[in-house]
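# Notes for the structure review
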Amino acid sequence: MSISPATPQAPSSKALLAVLSSTPARRRPIWMMRQAGRYLPEYRALREQAGSFLNLCYNPPLAAEVTLQPLQRFDLDAAILFADILLIPQALGVDLTFAEGEGPVLSTVTDAAGVAALKSDGAASRLSPVYETVERVAAAKADHVTLIGFCGAPWTVASYMIEGRGSNRQKARLAAIRGEDWFAHLMDIVTEASIDYLVAQLKAGAEAVQIFDSWAGDLPARQFERWSIQPIQRMVDGIRAAVPDARIIGFPKGVGSAALSFAKATNVDAVGVDSAVALDTMKDLSRHCAVQGNIDPLTLVAGGAALDEAVDDLVGALPQDRHIVNLGHGIVPETPIQHVAQFVDRVRRGDRS
Ligand code: CP3
């Protein structure tokens, strides 16, 4: 019997964790933002059983089940915790409701008195049902699946707190541009609570975390550095101080090629990019860290040749060990389930054997 020389790094069975750790991946990892959601009838059924979206978020057995639903249908490499970025404002004492067909509605914070009224001490400790969901998913998922925790970035979360809803972000932008003291204080509070929140998720069994800066693209370039990059840099440092090997994905949506300076400054393990980001920028990014994205959610709705070609372009251009296949933003409720199956199959066709 001959003993073959030991390979220094055998491909890990966890493809996503391998790519985040700069080690060879068994296959190109794929998952989808908002993969647990309304396009799945089994999600709609559990949401109805829970009574509301927020009840579902705070019910660990049901939230764990919803987290795992997409993995029962599709051969994905990650489960993303079922929760919401707006649970942090709620833990800070903000009123939050999800109006049917309208999206989130929050009580607003627009001055120093509003910031002073926040319950900033121990906010993350009020989200224990979320950590229980993480524990349940970690215990139930298949080994090759990586469990991703998440939160919103300080800028995106603070914007929701200032505006009270998802439309029109002028008040938040103005406060950021002026560098108002109360705004800086609000950003500090959200940053610290978010660090605690992600550390608790990692300690409960999340293997990676994603920071969603969905509204980073609203910021002028100077403010992007100050209010997106810097707070996320602080989060990355704070998380790694508590969990040294934490794997972190940043998603600065809408910033184009500035994703490169984001990657360099924040030191995240992967940067997620939206569908408008050019392949050349993704290639540049992949030389610096892993890159995640960026199929347009409506291309997934379209399916057919448009979807196949978009997948082929992406996987043909980016190295398997440095790319995490994903959408450029969350999957939309109109998405046909068979198009998701087509998407996953098309990616698998390109895998190195
Ligand atoms: O599957 C997953 O990705 C995990 C769970 C998840 C949800 N929201 C569940 C959800 C994640 C990662 C999020 C992130 C989130 N939430 C973001 C960042 C990503 C992005 O979309 O930019 C933001 C901005 C939010 C805030 C939020 N939550 C909005 C604006 C809305 C309403 C819009 C909508 O799609 O209905 C939500 C509700 C929400 N969060 C739903 C789900 C499954 C739909 C709720 C329902 O009606 O069942």
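In what follows, the accompanying structure is described. All of these numbers come straight from a predicted model, not from anything done at the bench. Each chain carries its own residue numbering, running from 1 in the written order of its sequence. In keeping with the model being predicted, local features are shown solely for residues with a pLDDT of at least 70 and side-chain atom pairs are shown and tallied solely at 80 or more, while totals for entire chains, interfaces and linings include all residues. Water and hydrogen atoms play no part in the side-chain values, which are based on all heavy atoms of the structure.

With that settled, the discussion passes to the overall build of the protein. Broken down by element type, the protein carries 16 helices and nine strands. The globule rule is 2.2 Å times the number of residues to the power 0.38, and the radius of gyration it is compared with is taken over C-alpha atoms. Expected size for 353 residues packed as a compact globule is a radius of gyration near 20 Å; at 20 Å, the protein falls within 12% of this value. Dimensions along the principal axes, computed over C-alpha positions, put the protein at roughly 75 × 45 × 45 Å. Think of it in three bands: with a 1.4 Å probe and only protein chains considered, a residue is buried below 20% of the maximum accessible area for its type, exposed above 50%, and partly exposed in between. Burial statistics for the protein: of 353 residues in total, 55% are counted as buried. Contact between two residues is taken to exist if any of their heavy atoms lie within 4.5 Å; hydrogens are not considered. Considering only contacts within the protein whose residues lie at least 6 apart along the sequence, 74% involve residues at least 24 apart. Carbon and sulfur atoms make up 49% of the accessible area of the protein, which totals about 14500 Å². Charge centroids of the protein, computed over 33 positive and 39 negative side chains, lie 2 Å from each other. Secondary structure elements follow DSSP: runs of H or I no shorter than four residues count as helices, runs of E no shorter than two count as strands, and numbering proceeds from the N terminus. Per-residue and other accessible areas were derived by the Shrake-Rupley procedure at a 1.4 Å probe size, with only the shown protein chains allowed to occlude residues. The charge count treats Lys and Arg as positive and Asp and Glu as negative. His and the chain ends do not count. Note on charges: their place is set at NZ of Lys, CZ of Arg, CG of Asp or CD of Glu.

Before going further, it helps to spend a moment on the pairing of strand S8 (residues 290-295). Taking burial as the measure, the six residues of S8 include six buried ones, the bulk of the element. Here a strand pair is declared whenever DSSP counts at least two bridges between the two strands. Bridging between strand S7 (residues 270-272) and S8 involves three bridges; their strand directions are parallel. Bridging from a neighbouring strand, glycine 272 pairs with glutamine 292 of S8. Between the parallel pair S7 and S8, the chain is carried across by helix H13 (residues 279-286), and the sense of this crossover is right-handed. Note: S8 against strand S9 (residues 323-327), five bridges, orientation parallel. From the neighbouring strand, valine 291 faces S9, where its bridge partner is histidine 323. Here, the term right-handed applies to a crossover whose path from the first strand over the helix to the second runs clockwise when the strands point away from the viewer.

The subject of this paragraph is the sheet that holds strand S5 (residues 208-213). The parallel open sheet is built from seven strands, whose spatial order is S1-S4-S5-S6-S7-S8-S9. Looking at strand neighbours, the two that pair on one side only are strand S1 (78-80) and S9, the edges of this open sheet. Mean inter-strand twist for the sheet, computed between neighbouring axes without regard to direction, equals 25 degrees. Running at roughly 160 degrees to S8, H13 makes contact with S7, S8 and S9 of the sheet. Only the contacting stretch of a helix is used when fitting its axis, a line to C-alpha atoms as for every element, and angles between N-to-C directions run 0 to 180 degrees.

For the rest of this paragraph, the subject is helix H4 (residues 60-73). An α-helical segment advances 3.6 residues per turn. Residues three or four places apart therefore align on the same side. Here the bend at a residue means the angle between the axes of two seven-residue stretches, the one that ends at it and the one that starts at it. Threonine 67 marks the point of greatest bend in H4, at about 30 degrees, and the proline proline 70 comes within the next four residues. When you tally the buried positions in H4, you get 10 out of 14 residues, the bulk of the element. The set of residues buried in H4 consists of Pro60, Leu62, Ala63, Ala64, Val66, Thr67, Leu68, Gln69, Pro70 and Leu71. Each element contacted by the buried residues of H4 is listed here: helix H2 (41-50), helix H3 (53-57), S1 and helix H7 (128-140).

Turning next to the site of the ligand. Close contacts around the ligand come from 23 residues, with Arg34, Tyr43, Arg47, Ser214 and His329 the closest. Between arginine 34 and the ligand, the recorded distance is 2.7 Å, taken from a backbone N or O atom to an oxygen atom. Here the ligand loses 88% of its free accessible area of 860 Å² to cover by the protein chains. With a 1 Å grid laid over protein atoms only, a set of points is called a cavity when a 1.4 Å probe fits there but cannot get out and a pocket when it is open yet has protein on both sides within 12 Å along at least five of seven lines; lining residues have an atom within 4 Å of a point. What decides whether a molecule sits in a cavity or pocket is whether more than half of its atoms lie within 2 Å of the grid points. Given that more than half its atoms are within 2 Å of the pocket grid, the ligand belongs to the largest pocket. A per-class count over the shell around the ligand returns 15 nonpolar, four polar and four charged. Any residue with a heavy atom lying within 4 Å of a molecule or strand is counted as near it. As used in this structure description, the phrase polar contact means that two N or O atoms lie within 3.5 Å; if the pair is within protein, one of them must be able to donate a hydrogen and the other to accept it, and residues adjacent in sequence are counted only when both atoms belong to side chains. For this classification, the nonpolar set comprises Ala, Val, Leu, Ile, Met, Phe, Trp, Tyr, Cys and Pro, the charged set comprises Asp, Glu, Lys and Arg, and every other residue, Gly included, is treated as polar.

Remark: H7 packs on helix H10 (residues 181-204), axes separated minimally by 8 Å, with the N-to-C direction vectors making an angle of 30 degrees. Judged by the angle between their axes, H7 and H10 are roughly parallel. Taken as a pair, H7 and H10 cross one another with a handedness that is right-handed. Here H7 contributes Val130, Tyr131, Val134 and Glu135 to the contact with H10, which in turn contributes Tyr197, Ala200, Gln201 and Ala204. Here the contact of H7 with H10 is composed, by residue class, of six nonpolar, one polar and one charged. Angular relationships are summarised with four words: roughly parallel below 35 degrees, roughly antiparallel beyond 145, roughly perpendicular across 65 to 115, and oblique for the angles in between. It is the rotation of the near helix from the far one that decides the hand of a crossing: anticlockwise by less than a right angle makes it left-handed, clockwise makes it right-handed.

Moving on, we come to unusual backbone geometry. A cis amide bond links glycine 293 to the next residue, asparagine 294, at an omega of -10 degrees. Tracing the backbone shows asparagine 294 in strand S8. Even without a glycine there, the phi angle at serine 22 is positive, about 55 degrees. Structurally, serine 22 can be placed in the loop between helix H1 (15-20) and H2. With a phi close to 60 degrees, arginine 34 is a non-glycine residue in the positive phi region. Along the chain, arginine 34 turns up in the loop between H1 and H2. What makes arginine 34 exposed here is its relative accessible area of 54%.

The quantities given are spatial measurements derived from coordinates; they are silent on function.
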